[in-house]
Amino acid sequence: YSGQIAMARLTSPWPNQIPDSVYTHDAQDNLVDRHVLTQLRKLNLKPSPPSTDSEFIRRAYLDTIGILPTPAEARAFLADSAADKRSKLVDRLLERPEFVDYWTYRWADLFLISGKKLRPNALKAYYTGLRGEIAKDTPWNQLVRQVVTARGDSMENGATNFYAVHQEPETMAENVSQAFMSLSINCAKCHNHPLEKWTNDQYYAFANLFARVRVKGWGGDARNGDGKRTLFVSPRGDLLQPRTGKPQPPAPLDSPSIADHADRRAVLADWLTSPDNPYFTRSIANRVWANFFGQGIVDPVDDLRVSNPASNEPLLQGLAAHLAANKFDLKSLMRVILKSDTYGRSSAPLPENIGDTRYHARYYPRRLMAEVLQDAITSVTQVSPKYANITLSDGSTAKTDFYKDGTRALQLFDSAVTSYFLKTFGRNEREITCECERSNKPSMVQVLHLSNGKTLNENLRNAKSSVTPLVDRDNVALIEEAYLLSLARPPSAEETKRLEAVFSAAPAAERRAVIEDLFWALMTSREFLFQH
């Protein structure tokens with residue numbers, strides 16, 4: 001009322017009768033399970049049983065490193081009888097080189113690494129700089145500090161290109177707030193925020209922290225020049241508050257104004273990355289959680305306003321506290337999530353939890369994100385797409401030789417790389433700092449492309465595809481290989497029996513076509529297209 005927000009929460013449990021013994025657990029020391037089970041007990045939601053081993057290995061691979069397990073990896077995991085094999089798998093995945101590719105790509109969405117905004121050499125410096133920090137396991141607070149306080153040559157310090165993407169104090173402030181605190185303060189630019197507590201004065205106080213950021217050597221568009229520029233901080237300069245015509249004293253959000261400083265961003269970085277900042281730690285903990293569960297504890301993930309409360313506030317607080325206690329080591333947080341029973345639950349609903357969509361009584365299926373799906377198709381067919389063009393901001397295309405044959409979608413430097421498949425399946429275009437730019441909504445175009453488009457059909461017909469060596473294999477062996485390649489599981493006895501009959505009845509001249517049809521059927525199934 002009158003520009004002020006207050007929240008109240010009412011809880012209405014499901015009318016289920018669940019014995020308390022269902023919520024007891026040997027792994028209560030895992031903070032995820034502790035908080036999730038406490039809430040499920042309050043809501044009378046019964047947790048689903050554990051997923052199968054084949055479901056878990058596929059799920060963990062795709063969510064952690066963005067690729068499918070090989071048939072050999074799947075067979076070894078399924079044959080392993082050790083009680084701690086899931087925990088050991090998690091530890092191995094976190095050290096895989098593909099982890100660096102996957103998480104560089106995920107965070108590149110946040111940093112808006114795009115050839116539509118940057119020239120090729122500047123883009124490469126920005127991407128490789130970010131990738132290098134992830135490869136070194138640089139703590140999140142240090143990585144963000146490097147970006148926020150970046151200065152110098154854009155080729156030598158790739159992080160300075162954050163300020164090429166955001167070139168005015170207002171957009172710098174808005175995007176720092178959105179990317180690192182999941183707060184949208186844009187509405188406060190013209191008036192007090194209607195859904196939050198931020199005032200117009202607070203907006204200009206925050207934006208004034210960036211008023212002295214200057215650049216030498218900027219000009220032209222993405223096609224011209226090498227992108228070399230120098231970022232520096234002027235000793236003077238302020239942003240005027242339009243309402244008063246005077247500078248608003250610079251200040252972080254909800255903080256007093258700062259004394260004059262050689263680089264106001266240094267003061268901002270101290271405040272921003274502090275464990276005491278009520279937004280910074282919660283924001284990144286929520287984003288990491290969303291990667292593994294398909295939705296944030298606060299959802300959307302970049303909307304941490306007061307009027308959008310968490311689905312499980314103690315859980316979010318616990319994850320944030322764990323992250324701060326472990327010096328912002330994101331792998332430490334991922335390890336806790338991946339080793340929880342909550343993450344390892346089956347996606348099959350029970351009568352006692354079928355109505356749950358927010359509280360994690362089960363694992364929620366979701367369609368694979370565009371880049372992971374493209375790489376999964378490449379992994380199964382063994383035929384890679386070619387990435388030879390980029391789309392510029394004016395819609396025209398230009399050739400690029402950045403990407404050699406065999407480059408995976410998750411190894412692309414930026415979202416401007418021309419790809420009909422990635423665009424069709426909702427790639428984040430990195431135009432604004434918002435997860436809403438990525439879409440996993442189904443469309444008829446997606447269905448038609450999978451059914452009769454080039455991506456599947458031409459790959460399978462290719463002489464170099466995985467179909468070719470299977471033509472001479474016996475029926476049972478090729479059926480098992482196709483299932484392990486596509487679904488990370490062997491076929492059931494009934495599936496094998498039915499498919500054997502199909503292959504036995506097929507003329508020799510049509511054997512390859514039948515194998516192609518088998519792969520096509522597997523890769524257009526919901527079991528392949530969805531994380532589950």
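Rules used in this analysis
- Residues numbered from 1 in each chain as written.
- Predicted model: local features only at pLDDT ≥ 70, side-chain atom pairs only at ≥ 80, totals over all residues.
- Heavy atoms only, no water.
- Helix = DSSP H or I, 4+ residues; strand = E, 2+ residues; numbered from the N terminus.
- Rg over C-alpha atoms; globule rule 2.2 N^0.38 Å.
- Buried < 20%, exposed > 50% of the residue type's maximum accessible area, 1.4 Å probe, protein only.
- Contact = heavy atoms within 4.5 Å.
- Disulfide = S-S within 2.5 Å.
- Pairing = 2+ DSSP bridges.
- Polar contact = N/O pair within 3.5 Å; in protein donor to acceptor, adjacent residues only side chain to side chain.
- Salt bridge = Lys/Arg side-chain N within 4 Å of Asp/Glu carboxyl O.
- Phe/Tyr/Trp six-rings, centres within 6.5 Å; stacked < 30°, edge-to-face > 60°.
- Lys NZ or Arg CZ within 6 Å of the ring centre and 35° of its normal.
- Core = buried A, V, L, I, M, F, W, Y, C linked by side-chain atoms within 4.5 Å.
- Axes fitted to C-alpha atoms, helices over the stretch in contact; angles between N-to-C directions.
- Parallel < 35°, antiparallel > 145°, perpendicular 65-115°, else oblique.
- Left-handed = near helix turned anticlockwise from the far one by under 90°.
- Nonpolar A, V, L, I, M, F, W, Y, C, P; charged D, E, K, R; others polar.

Enquirer: Would you mind going over the overall build of the protein chain in detail, with residue names and values included?
Expert: Check the secondary structure of the protein chain and you find 22 helices and nine strands. A globule of 532 residues ought to have a C-alpha radius of gyration of about 24 Å, and the protein chain, at 25 Å, matches this closely. For the C-alpha atoms alone, the extent of the protein chain along its principal axes is close to 85 × 65 × 40 Å. Within the protein chain, buried positions represent 55% of all 532 residues. Considering only contacts within the protein chain whose residues lie at least 6 apart along the sequence, 71% involve residues at least 24 apart.

Enquirer: Run through the state of the cysteines, naming residues and quoting values.
Expert: One pass over the full model with this rule turns up one disulfide. In this model Cys 434 forms its disulfide with Cys 436; the gap between the sulfur atoms is 2.2 Å. Across the S-S bond of Cys 434 and Cys 436 the torsion is about 135°, and the bridge reads as right-handed.

Enquirer: Tell me about the sheet that holds strand β1 (residues 152–153), and name the residues and values.
Expert: The strand order across the open sheet built from three strands is β1-β3-β2, with neighbouring strands paired in antiparallel fashion. The sheet is open, and its two borders are formed by β1 and β2 (213–216), each paired with just one other strand. Two elements, β1 and strand β3 (residues 230–233), share two bridges in a ladder whose sense is antiparallel. Looking across to β3, one finds that Asp 153 is bridged to Thr 230.

Enquirer: Explain the environment of His 532 to me, and be specific about the residues and the numbers.
Expert: Here His 532 lies in the segment after β9 (530–531). What makes His 532 buried here is its relative accessible area of 12%. Through-space distance from the C-alpha of His 532 to that of Arg 345 is 9.8 Å; in sequence the pair is 187 residues apart. Once you skip the residues sitting within four places of it in the chain, His 532 turns out to touch Glu 55, Arg 58, Arg 59, Ser 347, Tyr 363, Pro 365 and Glu 527. Looking at His 532, its side chain comes within polar contact range of the main-chain oxygen of Glu 527, at 3.0 Å.

Enquirer: Any details on the pattern of salt bridges? Residues and values, ideally.
Expert: Applying the stated criterion across every chain, the model contains 36 salt bridges. Residues Lys 228 and Asp 153 are paired through a salt bridge, measuring 2.1 Å at the closest nitrogen-oxygen approach. You can see Lys 228 sitting in the loop between β2 and β3 and its partner Asp 153 sitting in strand β1, a full 75 residues away along the chain. Among the ionic contacts, a cluster of salt bridges with common partners joins Asp 101, Arg 131, Asp 375 and Arg 408.

Enquirer: If you had to explain the packing of aromatic side chains to someone new, which residues and values would you point to?
Expert: One pass over the structure, following the stated rule, counts 27 aromatic pairs. Aromatic side chains Phe 56 and Tyr 343 sit 6.1 Å apart centroid to centroid with 80° between the ring planes, which places their arrangement in the edge-to-face category. One end of the pair, Phe 56, is in helix α2 (residues 53–64); the other, Tyr 343, is in the loop between α14 (330–338) and β6 (366–367), with 287 residues separating them in the sequence. Assigned by exposure class, Phe 56 and Tyr 343 land together as buried. Taking the centre distance of 6.4 Å and the plane angle of 65° together, the rings of Phe 206 and Trp 271 count as edge-to-face. One end of the pair, Phe 206, is in helix α10 (residues 200–207); the other, Trp 271, is in helix α11 (residues 264–272), and 65 residues separate them in sequence. Per residue, the accessibility class of Phe 206 equals that of Trp 271, and both read buried. Stacked on the ring of Phe 99, the Lys or Arg Lys 331 has its end atom at 4.9 Å from the ring centre.

Enquirer: Can you explain the nonpolar core? Please cite residues and give values.
Expert: Of all hydrophobic cores here, the largest spans 146 residues; its most connected members are Trp 107, Trp 140, Phe 180 and Phe 206. With nine residues, helix α5 (residues 97–111) is the largest single contributor of residues to this core.

Enquirer: Can you break down the pairing of β3 residue by residue, with the values?
Expert: On β3, burial follows the alternation: Leu 231 and Val 233 on one face are buried, whereas Thr 230 and Phe 232 on the facing-out side are not. Summarising the sheet, β2 and β3 pair through four bridges and their orientation is antiparallel. Pairing of Lys 216 across the sheet is with Thr 230, part of β3.

Enquirer: Requested: an account of α14, with residues and values cited.
Expert: Summarising burial for α14: eight of the nine residues are buried, a large majority. Within the span of α14, buried status applies to Leu 330, Lys 331, Ser 332, Leu 333, Met 334, Val 336, Ile 337 and Leu 338. Looking at where α14 begins, the residue whose side-chain oxygen comes 3.1 Å from the main-chain nitrogen of Lys 331 is Asp 329.

Enquirer: Now, about the packing of helix α13 (residues 313–325) against α14: what can you tell me, with residues and values included?
Expert: Two elements in contact, α13 and α14, have axes separated by 8 Å at closest approach and are oriented at 140°. As the angle between them shows, α13 and α14 are arranged oblique. α14 is crossed by α13, and the crossing has right-handed handedness. Only Leu 330, Ser 332, Leu 333 and Val 336 of α14 make contact with α13, whose side of the interface consists of Leu 319, His 322 and Leu 323. Looking at the contact of α13 with α14 residue by residue, the classes come out as five nonpolar, two polar and no charged.

No statement about biological role is implied by the geometric values presented.
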